[in-house]
Structures are given as C-alpha cells and as structure tokens.
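# Observations on the model geometry
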Amino acid sequence: MIKKSIISIFLFTFAAAFSLPAAAKDYGQVGKVFPVIEPDLLLVIATKLRNMKATGKIDAMNQLLRKRTEAKVRRPDPVAGIELAIKPRSWLYDPSIIIDHDIRDHKGTLISAAGSRVNPLDFIDVNTPLVFIDGDDEAQVAWALKRFDDKAKIILVKGAPLELMTKRQRRFYFDQAGTLTTKFGITRVPAVVVQAGKSMRISETPVRKQQS
C-alpha cells in the first residue's frame, strides 16, 4: 500500500512539472549581440604594413634606420669609463683559460682534459702591438702614428675611424662595446698591449707628459 502511494505521488509530481505553464518571461533584446570572431593576427599585421607602405611610412622608417646605422658606423658609441693616462702604469695579463670539458679529436683521442689550464701563447705568438687611443685627441693620434708602423693595430675607444682612415691613409679599428679594454683591464689611454713571454704586457702612457 505504501509502495503504491509513493508511486502515485511521483507520477503526480512528474505530470505537474510538464503540465504547469512556464514562469519564464521574454524581456526582449537588451543590447546589440555580436558574434565572437578571432581576427587573424597575420592578416592584421599584413594590412597595417600595406597601409604603412601606401602612406610612405615604411620608406621613411627605412631611411631613418639607414641614417642611424651609418652614423653608428662612422662614429660608434665611445667606450665608457676610459680616461686620459696621467702617469705611466704597466701590468701583465695572463690569457690562460680553464677547459670546462674534455676536448677530443675526430678519432676520440683526448687532446685536453676538463679542468686543464691552457695558455694560447704556448701555441702562437702575438707579434702585433695593440694600441688603444682616443681618436678625438689629436695628440694621441699623432703619437700613435709616429711611434708605431703599419704592423700595429691602432684601436680607438672614441672617435670616427672611417674619417681618420680617409684623413691619415692608415687603417684604424674600434673597440666595440669595450670588449678588449675590459678584457685587459684598460681604464686610461693611450695604452699599448704587447706579448711578454707567456703573458701580455699592458702599458698606459701619458703622451703629453712625454712630449713636454
């Protein structure tokens, strides 16, 4: 009897759920509805590039880039922290390096084991003096050209190498980003780097003091 009552209640509830009118109400469209569309990024970029080309912006940007690049080539950024040498100073630089992994030839034969100390000057000689100067200082330029022949490499830490090459008919180099001066610990110029046995000797020379 109880079982039949439960079934009757369930059937009544089930029927009522589908027979009663729905309580939901249509309030109409509140705002504009747009489809969700993901734009093609490459298409957007291509469209912007076409517009820039059509308006001449790309040509203007390329011209500006060429001018900036040419200016950097003609006059690179000066090496930061380099001052004028005021007194003679000299020290040695050891170019040795520590091998961090085994080096083997194509046959697998061990050439140098990890942890070995290797000095490049055991295998090569550096016969070319490296002369570091301020290219905007006429006294330093004149000193370097008078003292060193064409075998020496005159390296600027400041100045316009191309202009000097045209004017002096001599090749000049530039210490880009201070790579060499940092390696040798050079903070004043003129400075000369030459081989001294198994080391490199760095000498800072006060040009004006010598000439006085």
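Residues numbered from 1 in each chain as written. Predicted model: local features only at pLDDT ≥ 70, side-chain atom pairs only at ≥ 80, totals over all residues. Heavy atoms only, no water.

Now for the overall build of the protein. A count of helical and extended segments in the protein gives seven helices and twelve strands. In the protein, which comprises 212 residues, the share counted as buried stands at 25%. Considering only contacts in the protein between residues 6 or more positions apart, those separated by 24 or more positions represent 56%. Surface accessibility of the protein: about 16,100 Å² in total, with carbon and sulfur atoms responsible for 60%. (Helix = DSSP H or I, 4+ residues; strand = E, 2+ residues; numbered from the N terminus. Buried < 20%, exposed > 50% of the residue type's maximum accessible area, 1.4 Å probe, protein only. Contact = heavy atoms within 4.5 Å. Areas by Shrake-Rupley, 256 points an atom, 1.4 Å probe, with all protein chains shown as cover.)

The full count for this structure, using the stated rule, is nine salt bridges. In this structure, Lys167 engages Glu138 in a salt bridge whose closest nitrogen and oxygen atoms are separated by 3.7 Å. Here Lys167 is found in helix 5 (residues 161-168), whereas its partner Glu138 is found in helix 4 (residues 138-147), with 29 residues between them in sequence. Lys167 sits in the exposed class, given a relative accessible area of 56%. (Salt bridge = Lys/Arg side-chain N within 4 Å of Asp/Glu carboxyl O.)

A few words on the packing of helix 4 against helix 5. Following both chains from N to C, one finds helix 4 and helix 5 inclined at 55 degrees, their axes separated by 13 Å at the closest point. In terms of their interaxial angle, helix 4 and helix 5 are classed as oblique. In this structure, helix 4 meets helix 5 at a crossing whose hand is right-handed. Residue-level inspection shows Glu138, Val141 and Leu145 of helix 4 in contact with helix 5, the latter providing Leu164, Lys167 and Arg168. Taken together, the residues of the contact of helix 4 with helix 5 sort by class into three nonpolar, no polar and three charged. (Axes fitted to C-alpha atoms, helices over the stretch in contact; angles between N-to-C directions. Parallel < 35°, antiparallel > 145°, perpendicular 65-115°, else oblique. Left-handed = near helix turned anticlockwise from the far one by under 90°. Nonpolar A, V, L, I, M, F, W, Y, C, P; charged D, E, K, R; others polar.)

Before going further, it helps to spend a moment on helix 2 (residues 41-54). Its 14 residues give helix 2 an end-to-end C-alpha distance of 20 Å, which sits within 8% of 20 Å, the value for a rise of 1.5 Å per residue. Counting buried positions along helix 2 yields zero of 14 residues, so the element is predominantly exposed. Directly beyond the C-terminal end of helix 2, a positive phi value near 85 degrees is found at Gly56. (Expected span 1.5 Å × (residues − 1).)

With that settled, the discussion passes to unusual backbone geometry. Of the consecutive residues Val189 and Pro190, the connecting peptide bond is found in the cis state with omega at 5 degrees. Mapped onto the elements of the fold, Pro190 is located in the loop between strand 10 (188-189) and strand 11 (191-196). Positioned with a positive phi, Gln169 is a non-glycine residue whose angle comes to about 55 degrees. Within the secondary structure layout, Gln169 lies in the loop between helix 5 and strand 9 (172-174). In the Ramachandran plot, Ala177 falls in the positive-phi region, its phi being about 60 degrees despite a non-glycine side chain. A residue is classified by how much of its surface remains accessible, and Ala177, at 79% relative accessible area, is exposed.

It is worth spelling out the sheet that holds strand 9 at this point. The strand order across the open sheet built from six strands is 2-12-11-7-8-9, with neighbouring strands paired in mixed fashion. Only two strands of the sheet have a single neighbouring strand rather than two, namely strand 2 (89-93) and strand 9. Between one strand axis and the next, the sheet turns through 25 degrees on average, direction left out of account. As paired strands, strand 11 and strand 12 (residues 199-204) are joined by six bridges and run antiparallel to one another. (Pairing = 2+ DSSP bridges.)

The grouping of Leu41, Leu42, Val44, Ile45 and Leu49 at the surface amounts to a nonpolar patch, some 480 Å² of accessible area in total. Structurally, Leu49 can be placed in helix 2. Taking relative accessible area as the criterion, Leu49 reaches 44% and is therefore assigned partly exposed. (Patch = residues over 30% accessible without salt bridge, like charges linked within 9 Å, V, L, I, M, F, W, Y side chains within 5 Å.)

Don't take any of this as a statement about function, it's just geometry.
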